[in-house]
Amino acid sequence: FPSYACGASGTILTTAGSVFGSAIIVRRKVTITNLVSNVTVAGATLTAGQCWGLLYNAAGTLLGPSADQETPWETAGLSTMALAAAATGYLTLTPGLYWGAVVATGTTLPTFSRSSMSGASVALVAAQYNAQFSASLARCAVLATSITTTPADIVPASNTKATGIPYWFGLV
């Protein structure tokens, strides 16, 4: 189940400690264990304990943070992030909107695959993804800022869609 964004280009995370999320629409009940993304350019000197992959539901509940990704994101390539789930070791998702997200801090933040349109700026791509959607239904947005400890739930009505980047995420 990928997000709407197809991984055609890469964009560096623009602000340390900001949670960048993209919508993933789940159309049927599914069991997952991992969030997947693609690091196109490795980060450098990332801060231990401050880099995570995250999965939120439409209400803003954090369903699964990954373990710290400081070391994996210092290498380019497909990043499969096991999500910490209940004692079951997996998450069962019902149809609806979810956000795959990443947050990192460090000297040089990683670059992740994102949607691209020929000649279009990141801001224009985000504006088109979010056209006529409220903040709480944004297809890409900054979900939270100033995160340096394990992220918590978010308030979807406070999503900042103007600075969102349509990063690519998948669920497996």
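This text follows the structure it describes.
Being a predicted model, the structure only gives us computed values, none of them experimental. (Residues numbered from 1 in each chain as written. Predicted model: local features only at pLDDT ≥ 70, side-chain atom pairs only at ≥ 80, totals over all residues. Heavy atoms only, no water.)

(A) Representation of the overall build of the protein in the model. Within the protein, the regular secondary structure consists of 1 helix and 14 strands. Over its C-alpha trace the protein gives a radius of gyration of 14 Å, about what one expects of a compact globule, namely 16 Å for 172 residues. Overall, the C-alpha framework of the protein stretches about 45 × 40 × 25 Å when taken along its three principal axes. Burial statistics for the protein: of 172 residues in total, 50% are counted as buried. In the protein, the share of contacts with a sequence separation of at least 24, taken over all contacts with a separation of at least 6, comes to 78%. Surface accessibility of the protein: about 7300 Å² in total, with carbon and sulfur atoms responsible for 57%. Averaging the locations of the 6 positively and 4 negatively charged side chains of the protein gives two centres separated by 25 Å. (Helix = DSSP H or I, 4+ residues; strand = E, 2+ residues; numbered from the N terminus. Rg over C-alpha atoms; globule rule 2.2 N^0.38 Å. Buried < 20%, exposed > 50% of the residue type's maximum accessible area, 1.4 Å probe, protein only. Contact = heavy atoms within 4.5 Å. Areas by Shrake-Rupley, 256 points an atom, 1.4 Å probe, with all protein chains shown as cover. Lys, Arg positive; Asp, Glu negative; His and termini not counted. Charge placed at Lys NZ, Arg CZ, Asp CG, Glu CD.)

(B) Structural detail: the sheet that holds strand E13 (residues 140–144). Here we have 5 strands laid out as an open sheet, ordered E7-E6-E10-E2-E13, and antiparallel in their pairing. Strand pairing shows two members of the sheet lacking a second neighbour, strand E7 (62–65) and E13, which therefore form its edges. Between one strand axis and the next, the sheet turns through 30° on average, direction left out of account. With 3 bridges joining them, strand E6 (residues 52–57) and E7 adopt antiparallel strand pairing. Paired with Leu55 across the bridge in E7 is Gly64. (Pairing = 2+ DSSP bridges. Axes fitted to C-alpha atoms, helices over the stretch in contact; angles between N-to-C directions.)

(C) Summary view of the packing of aromatic side chains. If you walk through the whole model with that rule in mind, you get 3 aromatic pairs. Ring geometry for Trp73 against Phe112: centres 5.1 Å apart, planes inclined by 85°, an arrangement best described as edge-to-face. Highlighted residues: Trp73 in the loop between E7 and strand E8 (77–82) and Phe112 in strand E12 (residues 111–114), separated in sequence by 39 residues. In this pair, the class of Trp73 matches that of Phe112, namely buried. Both rings, one in Phe112 and one in Tyr167, keep their centres 6.1 Å apart while their planes meet at 80°; by these two values the pair is edge-to-face. Here Phe112 is found in strand E12, whereas its partner Tyr167 is found in the loop between E13 and strand E14 (170–171), with 55 residues between them in sequence. We classify Phe112 as buried; its relative accessible area is 0%. Among the aromatic residues, ring-to-ring pairing joins Phe20, Trp73, Phe112 and Tyr167 into one connected group. (Phe/Tyr/Trp six-rings, centres within 6.5 Å; stacked < 30°, edge-to-face > 60°.)

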